[in-house]
Structures are given as structure tokens and as C-alpha cells.
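Coordinates in review
Each chain is listed here by its residues.
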Amino acid sequence: MLPLKKVFLLYFFVILPFVSFSQNTTYKVVCDKTDNKLKVVKADNHSSNFVPIKSGFPFSAIARDWIKDNYSTDDCDAEQIIEDIKNKSQTQTQQAPNNQQQVGATAISPSPAYTPTKPEPNFRNTSFGMDLLFHNLNEILSLDENNLGFGLNLEHLFGKKSYYVGTGIHFNVLVGDNNDETVELYMFKFPIFGGYRIYIKRIYMAFEGGLFINTKLSPFKDDDTSLQGKVPMNSSFSVFPRLRFGGKSMQLELGAEIWLTDVFENTDKLSVYYTGLKFFF
């Protein structure tokens, strides 16, 4: 088993810095004059070979999705784009004096500008996720200290529209310390949930809620010393709300989980708060 400290270090020093860096960097779609291809570059890249088409994307993946939604191939005509920009600028300059109204003249409303049809969102329904777990295992087992847990999950959604249902499988590990000894317990979880998702300015957001059917909370070791003499229940049930937002391929997830039944006989209810990343494909 991969040591938990390495998992946490990987998350904090690789994944989270990547997300933070992405949020502080914007991207743009350009036509490269050297090969007449559409490309995604950082917004501060002002190379003379790049003809800008659209900018302001918070993630490069969102910019690539915009290309897929608006172009059938990655081919472009840089000279034609430059010519179109010049013609548009000249047309706007010529029309400006004509828009001035003379005294006593009847004003004629200009024709409305053409607005392209907004593309339908292309939702992806299968995801793989990684979570950091904040739990109260120390209260359940009377441990000296809590450590972070982690989770892996695979889920599939049913429905191509805004409303959908879903299921999947989760693997969670809860960690604590007792008398300088690490306590590691795991369980498998099977969710049944519904949700509603929206698509605003190329940002996907989803609100979900449902029920988890959980297996027994078990130690990795063969002996039961990690259970502190407690008797684990064979199964348990918990409910959860959660929020997802981000691009089409990668989204940040925030959620909470509250147990309806005991995980150990005659103990407090378990609760978990979590944050993580989901990758859709």
C-alpha cells in the first residue's frame, strides 16, 4: 500500500498547486500563421505568429473545448482572419457618422447584430475522482488525534440533460493516531444519487445529493487492535450533498457525508467532509 503521507504530499504539492496556478492564468485561442492551425496559448503570449481569436479562458482545457464546439477541425486561415478583422474595423468606422441623427430627422433603429446560436453543452457522464477526507474517527474510537483520510471513486451518470441520476463505487481510508500508533481503516461505498447541472460561460456546475450504502469499516491489519475493542457493523447508511464546478474535463468537488446508522455498536455517528478533483471522460 502507498504510504498515506506520500499520498497527502502528492496532493498538496502537485495537484493543489496546479489548480491554484491554473486559476491565476488565463488562456486564449489563436491561429498560428506558421502552420495555419488553431492552438491554445497563455494570454500573455503576444508572439507575432499568433492571430488571436478568443481569449479569457480560465483553463486550457476549456479553451480546447471551445475549439471543439466551434470548429470541425483545427485548421484556420490566418490571413483571412486578419483581413476579416480589418474589414470589420473599417465597416464600424464608416458606419459611425451615419448613426448620427440630424435635428428634426426621424431616427431609424439599426438592425440587430447577428448572434450565433449557443452550442448545446456536451455533458460527460463517466468520472474518476480523488478526495481528501476530514472525519471524526477520533471521537468514534477515542483516539488521541485525527489524520486526514483519502478516497478514490469511479462514477457514471445516466442522462444527457440537466437532470440526471448516478451511481458508482468509492474506496475510503480513514486515518488516526493512538499512542504513537497509526490507525488505518477502510470501507467501500456505493452511492445512489440525483443531480442538476448547469453550463454558464463554459463553466460547468452541478448540485448533487443522495444515499451511500457502506460496507464494514475494517482495519488493514489482520488483528483488531485498531478497533479499540469496538464491534464494527456489517453495513451502514449515510446521506450526502455535494457541489462540483469547473471545466468539461476536470472539476473541483466539495461535499459532506452524515451517517444515518452506526459504524460501530453504541458509538457516535461518523461524519466526513471532503474536497477533491474529478476527471470526466
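This text goes with the structure placed above it.
A few points on the structure.

Conventions used here
- Residues numbered from 1 in each chain as written.
- Predicted model: local features only at pLDDT ≥ 70, side-chain atom pairs only at ≥ 80, totals over all residues.
- Heavy atoms only, no water.
- Helix = DSSP H or I, 4+ residues; strand = E, 2+ residues; numbered from the N terminus.
- Buried < 20%, exposed > 50% of the residue type's maximum accessible area, 1.4 Å probe, protein only.
- Contact = heavy atoms within 4.5 Å.
- Areas by Shrake-Rupley, 256 points an atom, 1.4 Å probe, with all protein chains shown as cover.
- Salt bridge = Lys/Arg side-chain N within 4 Å of Asp/Glu carboxyl O.
- Pairing = 2+ DSSP bridges.
- Axes fitted to C-alpha atoms, helices over the stretch in contact; angles between N-to-C directions.

Looking only at helices and strands, the chain has four helices and 12 strands in total. Counting across all 281 residues of the chain, residues that qualify as buried make up 37%. When contacts within the chain are restricted to residue pairs at least 6 apart in sequence, long-range pairs at least 24 apart make up 62% of them. When the accessible area of the chain is evaluated, it comes to approximately 16,400 Å², of which 57% is carbon and sulfur surface.

Another point: the pattern of salt bridges. All told, the structure shown has 14 salt bridges when counted by the stated rule. Between Asp65 and Arg124 there is a salt bridge, with its nearest N and O atoms 4.0 Å apart. Within this pair, whereas Asp65 is found in helix α2 (residues 60-70), its partner Arg124 is found in the loop between α3 (78-98) and β4 (126-135), the two being separated by 59 residues in sequence. What emerges from the salt-bridge pattern is a single network uniting Glu155, Glu208, Arg242, Arg244, Glu253 and Lys278.

Moving on, we get to the sheet that holds strand β1 (residues 27-32). Across the sheet, which stays open at both edges, the three strands sit in the order β2-β1-β3 with antiparallel pairing between neighbours. Each edge of the open sheet carries a strand with a single partner, namely β2 (37-42) and β3 (50-57). Each adjacent strand pair in this sheet contributes to an overall mean axis angle of 25°, direction not counted.

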